[in-house]
Amino acid sequence: MIRERIEELRRQLHRHNRKYYVENAPEISDFEFDALMRELAELEREHPEYADPDSPTVRVGSDITSEFRSVRHRFPMLSLGNTYSPDELHEFVARIEREVGPTEYVCELKFDGTAISLTYEHGRLVRAVTRGDGTQGDDVTANVRTIRSVPLRLDGDDWPDYFEIRGEILMPYASFDRLNAEREAAGEALFANPRNAAAGTLKLQASAEVARRGLDCVLYQMAGDALPYDSHWENLRKAREWGFRISDAMRICRDTARIDEYIALWDEQRRTLPYATDGVVVKVNRYEVRRALGTTAKAPKWAVAYKFKAEQALTRLTGVDFQVGRTGAVTPVANLEPVQLAGTTVRRATLHNAEQMALLDIRPGDM
Ligand code: IVH
């Protein structure tokens with residue numbers, strides 16, 4: 001029984017990993033994905049006899065494609081532990097304070113795009129590399145150079161000769177809506193959300209098309225051996241002076257009450273932002289404290305992501321179109337009464353395939 005469940009979860013997660021990382025076309029929400037992953041991790045912990053070195057729990061997805069030069073990261077790009085539970089977030093803080101005593105946290109938004117690492121040498125952008133598997137990623141410099149908010153030369157002269165700055169490539173809702181409208185008019189498949197549109201765009205071979213699509217880039221982490229300050233906050237403030245786009249929504253918080261306030265505020269305010277966010281990241285501010293806490297193989301112990309519940313909306317299905325792709329694959333697409341959701345007006349949504357429609361028993365007129 002348990003063995004079958006483990007195998008079923010591995011099969012499902014493998015498939016969704018591919019949909020998400022390779023095809024940029026997820027079929028389930030991050031919330032559902034995380035729930036499956038947790039169930040599997042739990043079962044594997046309780047039943048080590050069913051361990052498998054290829055289980056989705058021991059592998060992070062990769063976005064490496066063959067068309068780009070693969071580059072090794074000088075500093076690995078770790079991922080973040082995440083939680084949907086305020087209790088777990090409080091436990092994260094409590095654990096840190098048990099280890100190092102009271103300390104400062106920086107709260108920031110979790111931007112829902114695709115991660116990038118920018119390398120600057122002598123004040124000039126020399127490389128932009130995707131996260132890939134965290135150890136090596138794709139060199140997408142030509143594409144990133146087209147993003148207007150990414151400085152090609154830095155202001156000032158007090159930057160280290162070599163450093164990396166990391167952040168998120170985003171597609172603002174306005175660009176996303178325009179792009180999908182154009183694709184619909186051309187009979188092309190729609191992007192499921194701005195994150196997939198950003199990731200898909202970054203992997204295009206034609207940087208002119210990338211330039212046209214209106215990507216943006218927000219930076220949230222510096223890496224290097226000679227950074228100007230020993231704190232995250234001060235380094236990012238400096239980076240803003242050099243010309244990087246750093247979020248205004250960062251706050252220093254010294255206890256869980258302030259962290260909770262920040263989360264409550266941004267769970268509302270994020271609706272007014274021009275791009276998607278899916279949570280809040282809480283990070284220890286001082287590097288000295290970060291070093292004391294250390295990292296696991298996958299993620300730092302000094303940071304955690306608190307994820308917002310995905311927004312939902314109710315609307316009526318007015319009809320279904322069947323789109324035929326270049327390969328001849330048929331995709332059913334729902335026509336919906338327009339509804340406001342997560343910053344855009346949703347009129348159409350993919351139904352993925354006939355099996356999925358049958359499973360949902362979906363019919364025109366349904367809510
Ligand atoms: S810090 C070692 N800060 O979330 C920590 N990540 O789940 C490195 N993300 O790969 C990441 N907003 O693509 C950090 N304010 C933020 C973020 C953020 C979005 C993404 C990033 C990362 C993923 C981890």
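Residues numbered from 1 in each chain as written. Predicted model: local features only at pLDDT ≥ 70, side-chain atom pairs only at ≥ 80, totals over all residues. Heavy atoms only, no water.

1. A closer look at the overall build of the chain
Stated precisely, the cut-off is as follows: In this description a helix means any DSSP run of H or I spanning at least four residues, a strand means any run of E spanning at least two, and both kinds are numbered starting from the N terminus. The atom set for the radius of gyration is the C-alpha atoms, and the globule formula is 2.2 Å times the number of residues raised to the power 0.38. For the exposure calls, accessible area comes from a 1.4 Å probe over protein chains only, and a residue counts as buried if that area is under 20% of its type's maximum, exposed if over 50%, partly exposed in between. A contact between two residues is defined here by any heavy atoms of the two lying within 4.5 Å. Only the protein chains shown count as cover for residues, and the accessible areas themselves come from Shrake-Rupley with a 1.4 Å probe. For the purpose of charge, His is not counted, nor are the chain termini; Lys and Arg are scored as positive and Asp and Glu as negative. A charged residue contributes its charge at one atom only: NZ of Lys, CZ of Arg, CG of Asp or CD of Glu.
When its secondary structure is counted, the chain shows 11 helices and 14 strands. Computed over the C-alpha atoms, the radius of gyration of the chain is 21 Å, within 12% of the 21 Å expected from 2.2 N^0.38 for a compact globule of 367 residues. Burial status across the chain gives 47% buried among its 367 residues. A separation of at least 24 residues holds for 71% of the contacts in the chain among residues at least 6 apart in sequence. Put simply, the chain shows about 19000 Å² of open surface, and 50% of that area lies on carbon and sulfur atoms. Each charge class in the chain can be summarised by its mean position, and for the 51 positive and 59 negative side chains these summaries are 3 Å apart.

2. Some details on the pairing of strand S3 (residues 105–111)
Rule in force here: By definition, two strands form a pair when at least two bridges between them are found by DSSP.
The buried fraction of S3 amounts to 6 of the 7 residues, a majority that puts the element mostly inside the structure. Bridge count between S3 and strand S10 (residues 277–284): 7 bridges; the pairing is antiparallel. Residue Phe-111 lies in a different strand from S10, and its bridge partner there is Thr-277.

3. What about the site of the ligand?
As a reminder, the rule being used: We define proximity as follows: a residue is near a molecule or strand when any one of its heavy atoms falls within 4 Å of that partner. Any N or O atom pair separated by 3.5 Å or less is treated as a polar contact, with the protein-specific requirement of one donor-capable and one acceptor-capable atom, and with residues adjacent in sequence counted only for side-chain atom pairs. Gly is placed with the polar residues, together with every amino acid not listed as nonpolar (Ala, Val, Leu, Ile, Met, Phe, Trp, Tyr, Cys and Pro) or charged (Asp, Glu, Lys and Arg).
By nearness alone, 13 residues border the ligand, and Glu-108, Leu-109, Phe-111, Glu-168 and Tyr-220 come closest of all. Glu-108 is positioned with one of its side-chain polar atoms (N or O) 2.9 Å from a nitrogen atom of the ligand. Here an oxygen atom of the ligand and a side-chain polar atom of Glu-168 are 2.7 Å apart. For the ligand, whose unbound accessible area comes to 530 Å², protein coverage reaches 89%. Those elements that provide at least two residues to the shell around the ligand are S3, strand S8 (216–223) and S10. Considering each element in turn, the shell around the ligand owes the most residues, 4 residues, to S3. Of the residues that constitute the shell around the ligand, the class distribution is 7 nonpolar, 1 polar and 5 charged.

4. Considering the sheet that holds strand S14 (residues 344–350)
Think of a sheet as strands paired side by side through backbone hydrogen bonds, with each pair either parallel or antiparallel. Quick reminder of the rule: An axis is simply a line fitted to the C-alpha atoms; with a helix, the fit covers only the stretch in contact. Between two such axes, the angle follows the N-to-C directions and lies from 0 to 180 degrees.
With respect to topology, 3 strands assemble into an open sheet ordered S12-S13-S14, the strand pairing being antiparallel. Edge positions in the open sheet fall to strand S12 (317–324) and S14, since each of these has one partner strand only. Going from strand to strand, the sheet's axes swing by 30° on average, the running direction of each strand aside. Direction of pairing for strand S13 (residues 330–341) relative to S14: antiparallel, over a ladder of 6 bridges. Considered in S14, the bridge of Leu-341 is made with Thr-344.

5. What about the nonpolar core?
In summary, soluble globular proteins display a tendency toward joint burial of nonpolar side chains. How we decide: Residues belong to one nonpolar core when they are buried, are Ala, Val, Leu, Ile, Met, Phe, Trp, Tyr or Cys, and are joined through side-chain atoms within 4.5 Å.
With 36 residues, the main nonpolar core has Ile-116, Leu-118, Tyr-120, Val-144, Phe-163, Ile-165 and Phe-244 as its most contacted residues. Core analysis: the second largest hydrophobic core is formed by 31 residues, Val-93, Tyr-220, Tyr-275 and Val-289 among them.

6. Description of the sheet that holds strand S7 (residues 162–170)
Ordered in space as S5-S4-S7-S8, the 4 strands form an open sheet in which the pairing is antiparallel. Every other strand in the sheet has two partners, leaving strand S5 (124–130) and S8 as the edge strands with one partner each. Recorded for the sheet is a direction-independent mean angle of 30° between the axes of neighbouring strands. In this sheet, S5 lies alongside strand S4 (residues 114–121) in antiparallel orientation, the contact comprising 6 bridges. Within the sheet, the bridge partner assigned to Ser-117 lies in S5 and is Val-129. The sheet contacts of helix H6 (residues 194–202) involve S4, S5 and S7, and relative to S4 the element is tilted by about 45°.

7. Regarding the packing of aromatic side chains
Just so we agree on the cut-off: Ring pairs are drawn from Phe, Tyr and Trp, using the six-membered ring of Trp, whenever the two centres fall within 6.5 Å, and their geometry is named by plane angle: stacked under 30 degrees, edge-to-face over 60, tilted for the rest. The criterion for a charge sitting over a ring is simple: Lys NZ or Arg CZ within 6 Å of the ring centre, and within 35 degrees of the ring normal.
In total, this model carries 6 aromatic pairs according to the counting rule given. Here the aromatic rings of Tyr-120 and Phe-244 are separated by 5.0 Å at their centres, their planes lie at 90°, and the arrangement is edge-to-face. In this pair, Tyr-120 sits in strand S4 while Phe-244 sits in the loop between helix H8 (232–242) and strand S9 (251–253), placing the two residues 124 residues apart along the sequence. Phe-244 matches Tyr-120 in its accessibility class, with the two residues each being buried. Taken together, the ring pairs in this structure connect Tyr-120, Phe-163, Trp-242 and Phe-244 into an aromatic cluster. Here Arg-74 stacks its cationic end above the ring of Tyr-162, 3.7 Å away from the centre of that ring. In this arrangement the basic side chain of Arg-290 is found over the ring face of Trp-302, its NZ or CZ atom lying 4.0 Å from the centre.

8. Regarding empty space enclosed by the protein
Let me state the cut-off plainly: Space inside and on the surface of the protein is sampled on a 1 Å grid over the protein atoms alone, with a cavity defined as a set of points where a 1.4 Å probe fits but cannot get out and a pocket as an open set with protein on both sides within 12 Å along at least 5 of 7 lines; lining residues have an atom within 4 Å of a point. Grid points are joined across faces, edges and corners, and a volume is the space filled by probe spheres set on the points.
This structure, assessed with the given rule, holds 1 cavity of 30 Å³ or more. Considering only enclosed or pocket space, the largest cavity measures out at about 40 Å³ in volume. Lining the largest cavity, in full, are Ser-175, Arg-178, Leu-179, Glu-182, Arg-212 and Arg-213. Residue contributions to the lining of the largest cavity peak at 4 residues, all from helix H5 (residues 173–185). Among the residues forming the lining of the largest cavity, the class breakdown is 1 nonpolar, 1 polar and 4 charged.

9. A short note on unusual backbone geometry
In this structure, His-122 takes a positive phi of about 50° despite not being glycine. With respect to the helices and strands, His-122 occurs in the loop between S4 and S5. Unusually for a residue other than glycine, His-352 sits at a positive phi of about 70°. Of note, His-352 is situated in the loop between S14 and helix H11 (354–360).

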